[in-house]
Amino acid sequence: MAEEALATIPEPLRVHVRNVLIRVEEFPDEDTARDMELESPFDLLGLYSGVDLTRQSVSDVRLEPDAIFLYRRPILDYWCETGEDLFHVVRHVLIHEIGHHFGFSDDDMERIENGGE
């Protein structure tokens, strides 16, 4: 479903996330939960890990690839609680995390999600 959602992202943006790893994990790991001060592992649906494009430099030594994590169990829990379409939830989380890769504002992300570029 994440791959299908990614395919709906406008091509001018999708081309810039080709090298971003997209992983589906059950929950955030313990370090992430601690660093983000989560009360529950269900509090985080997704996470961008890396250096956003506005702060990247060709001279920086990158030790890890940029990555987007989608947390399956929290997403499913959110879906059950809200009754929203599951594909819409996955797409929403993916767009939000891609937005962090680009250094976008929440308004930018909302515009993309609603079909604008």
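Anyway, here's the lowdown on the structure attached to this text. Just so it is clear, the model here is predicted, and its values are computed rather than measured. (Residues numbered from 1 in each chain as written. Predicted model: local features only at pLDDT ≥ 70, side-chain atom pairs only at ≥ 80, totals over all residues. Heavy atoms only, no water.)

1. As for the overall build of the protein
Phase 1 of the analysis: Tallying secondary structure elements over the protein gives six helices and three strands in all.
Phase 2 of the analysis: For the protein, the succession of helices and strands along the chain, N to C, is α-α-β-α-β-β-α-α-α.
Phase 3 of the analysis: In the protein, which comprises 117 residues, the share counted as buried stands at 33%.
Phase 4 of the analysis: For the protein, restricting intrachain contacts to residue pairs at least 6 apart in sequence, the fraction spanning at least 24 positions comes to 64%.
Phase 5 of the analysis: Looking at the protein as shown, the accessible area adds up to about 7,500 Å², and 49% of this sits on carbon and sulfur atoms. (Helix = DSSP H or I, 4+ residues; strand = E, 2+ residues; numbered from the N terminus. Buried < 20%, exposed > 50% of the residue type's maximum accessible area, 1.4 Å probe, protein only. Contact = heavy atoms within 4.5 Å. Areas by Shrake-Rupley, 256 points an atom, 1.4 Å probe, with all protein chains shown as cover.)

2. Comments concerning the sheet that holds strand β3 (residues 67-71)
Phase 1 of the analysis: Taken in spatial order, the three strands of this open sheet run β1-β3-β2, and their pairing is mixed. Taken across any chain shown, the strands that pair with only one partner, and hence form the sheet edges, are β1 (21-25) and β2 (46-49). If you compare each strand with its neighbour and ignore which way they point, the axes differ by 20 degrees on average.
Phase 2 of the analysis: Of the strand pairs in this sheet, β2 and β3 are connected by four bridges, and their pairing is antiparallel. Across the sheet, residue Ser49 finds its bridge partner in β3, namely Ala67.
Phase 3 of the analysis: Helix α4 (residues 72-82) contacts β1 and β3 of the sheet and is inclined by roughly 50 degrees relative to β3. (Pairing = 2+ DSSP bridges. Axes fitted to C-alpha atoms, helices over the stretch in contact; angles between N-to-C directions.)

3. What to know about the environment of His100
Phase 1 of the analysis: Looking at the element boundaries, His100 is found in helix α5 (residues 86-102).
Phase 2 of the analysis: A C-alpha to C-alpha distance of 9.2 Å links His100 and Gly50, two positions 50 residues apart in sequence.
Phase 3 of the analysis: Only 3.0 Å separates the side chain of His100 from the side chain of His96, close enough to count as a polar contact. (Polar contact = N/O pair within 3.5 Å; in protein donor to acceptor, adjacent residues only side chain to side chain.)

4. Here we look at unusual backbone geometry
Phase 1 of the analysis: Positive phi outside glycine occurs at Glu37, with the angle close to 55 degrees.
Phase 2 of the analysis: Here Glu37 shows up in the loop between α3 (30-35) and β2.

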